[in-house]
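Commentary on secondary and tertiary structure
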Amino acid sequence: MITSTIETVAGSILRDVIAEVLDGAGLAILRGPAGIGKSFALDLITAELEAAGVTVIRVTVSPATGGSISSFTRAVLSQYRIETGSTADGVEAVAELLRGYPFRDVGPRVVFIVDEAQELKPAILETIRSLWDRGDHARLGHVTEPAFGCVLVGNEMFMGKGGNLRVASFRPLMSRVTHNVQLPRPDKKEIAALAASLFPKQPDLCRELEELGAVTGNLRSLSVAARQSLRGAKGEAVTLPLLRQAIRMMGGK
């Protein structure tokens, strides 16, 4: 099995922004290309935050859960085995989960992380805005009032109906945003570091993966190619022809 962890610029930005949002009960939108390691970085950051005592409420949106308020709230609440009888009750139950006290010396600090946020429809974005607005008293200096930080992470583009690519829009939230950040594609050093971690003793395979990364502009393609070639090796060492075959099967040269 191939596993790998490297530090990326996108991951570092995510970590820094989430820390600032947590401290100030802010609202962040971070967008970047698919396959650059956003979700993987969020896994690491979530573990770090929880180890530090932070309450992380996290949900990954799909087309099914991003289409209606009730579906979205169920996706959040089901992780905690909470059931509600109506959409309004679901929203209130989510609000209760998000009660944090970031400006008190004691009390829980809460951050709401929404991954694949490009799938959210306007009605859900407006619901998130309404929930976040409940913390305005705390942000204005009433430290005993509840508030939470909110971080939405997603792709720049998404597939709309009919297979058309559309630009992700977060218009209902833009007047509240404290951080609006574009996440970068991996640079040559990051691609080389991932390739070296996947095949540390095979420089010829590393060079092949680096070429793939230069073409695709993302890290996921390297991991997929490495995993597929490992399966093809059937317990033996991965060879350059096997890796090249995996890349061709992915649509590469």
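Source: prediction; values computed, not measured.

**Re the sheet that holds strand β1 (residues 27-32)**
Read from one edge of the open sheet, five strands run β2-β3-β4-β1-β7, paired in parallel fashion. Whereas interior strands pair on both sides, the edge strands pair on one side only; in this sheet they are β2 (55-60) and β7 (179-182). Across the sheet, the mean angle from the axis of one strand to that of its neighbour is 15°, orientation sign disregarded. The pairing of β1 with strand β4 (residues 149-155) spans six bridges and is classified as parallel. Counted as the bridge partner of Gly32 is Asn155 from β4. Along the sheet, helix α2 (residues 38-51) makes contact with β1, β2, β3 (110-115) and β4, crossing β2 at roughly 160°.

**With respect to the nonpolar core**
Residues Phe72, Phe112, Val114, Leu120 and Leu152 are the most contacted members of the largest nonpolar core, which totals 30 residues. Mapped onto this core, the elements with two or more residues apiece are β1, β2, α3 (69-77), α4 (87-97), β3, α5 (122-133) and β4. Setting aside its immediate chain neighbours within four residues, Phe112 contacts Ile57, Val59, Phe72, Val76, Leu98, Phe148, Gly149, Cys150 and Val151. By size, the runner-up hydrophobic cluster in this structure holds 20 residues, among which are Leu22, Ala28, Leu42 and Val111.

**So, the pairing of β1**
Side chains on a regular strand alternate between the two faces of the sheet. Most of β1 is tucked away, with six of its six residues classed as buried. Neither face of β1 is left uncovered, since the one carrying Leu27, Ile29 and Arg31 and the one carrying Ala28, Leu30 and Gly32 both have all their residues buried. In terms of strand pairing, β1 meets β7 through four bridges, oriented parallel. Bridging across to β7, Arg31 finds its partner in Gln182.

**Looking at the side chain of Glu119**
You can see Glu119 is positioned in the loop between β3 and α5. Buried charged residue Glu119 carries no salt bridge. Nearest counter-charge: Lys121, at 4.9 Å.

**Let's talk about the environment of Ser86**
On the secondary structure map, Ser86 appears in the loop between α3 and α4. Assessed through its relative accessible area of 33%, Ser86 is described here as partly exposed. Put simply, Ser86 and Ser70 are 16 residues apart on the chain and 7.8 Å apart in space, counted from C-alpha to C-alpha. A distance of 3.1 Å separates the side chain of Ser86 from the backbone nitrogen of Asp89, its partner in a polar contact.

**Quick look at the packing of aromatic side chains**
Geometrically, a pair of aromatic rings is defined through the distance of the ring centres and the angle of the planes. Scanning the entire structure with this criterion turns up two aromatic pairs. The interplanar angle of 75° and the centroid separation of 6.4 Å between the aromatic rings of Phe112 and Phe148 together place this pair among those described as edge-to-face. With Phe112 in strand β3 and Phe148 in the loop between α6 (136-139) and β4, the pair connects residues that are 36 residues apart, well separated along the chain. Owing to a relative accessible area of 5%, Phe148 belongs among the buried residues under this scheme. Grouped by ring-pair contacts, the aromatic residues Phe72, Phe112 and Phe148 constitute a single cluster.

Scoring rules and cut-offs
- Numbers given for residues are sequential positions, taken from 1 along each chain in its written order.
- Where local features are concerned, this predicted model is filtered to residues with pLDDT of at least 70; where side-chain atom pairs are given and counted, the filter is 80 or more; whole-chain, interface and lining totals use all residues.
- To obtain the side-chain values, all non-hydrogen atoms of the structure were included, while hydrogens and water were left out.
- Strands are labelled as partners when DSSP assigns at least two bridges between them.
- Labels follow the DSSP assignment, with helices taken as runs of H or I lasting at least four residues and strands as runs of E lasting at least two, numbered in each case from the N terminus.
- Fitting a line to C-alpha atoms yields each axis, with helices limited to the stretch in contact; the angle taken between N-to-C directions then spans 0 to 180 degrees.
- Whether two residues are in contact is decided by their heavy atoms: any pair within 4.5 Å suffices.
- Only buried residues count toward a nonpolar core. Its members are Ala, Val, Leu, Ile, Met, Phe, Trp, Tyr and Cys residues joined through side-chain atoms within 4.5 Å.
- Each residue gets one of three labels from its accessible area relative to the maximum for its type: buried under 20%, exposed over 50%, partly exposed in between, using a 1.4 Å probe on protein chains only.
- His is not counted, nor are the chain ends; Lys and Arg add positive charge and Asp and Glu add negative charge.
- Each salt bridge in this description consists of a side-chain nitrogen of Lys or Arg and a carboxyl oxygen of Asp or Glu lying within 4 Å of one another.
- Definition of a polar contact: a pair of N or O atoms within 3.5 Å, with one able to donate and the other able to accept a hydrogen when the atoms are protein atoms, and with sequence-neighbouring residues admitted only if both atoms are side-chain atoms.
- Classification of ring pairs uses Phe, Tyr and Trp, with its six-membered ring standing for Trp, and accepts pairs whose centres are within 6.5 Å; under 30 degrees between planes counts as stacked, over 60 as edge-to-face, and the remaining range as tilted.

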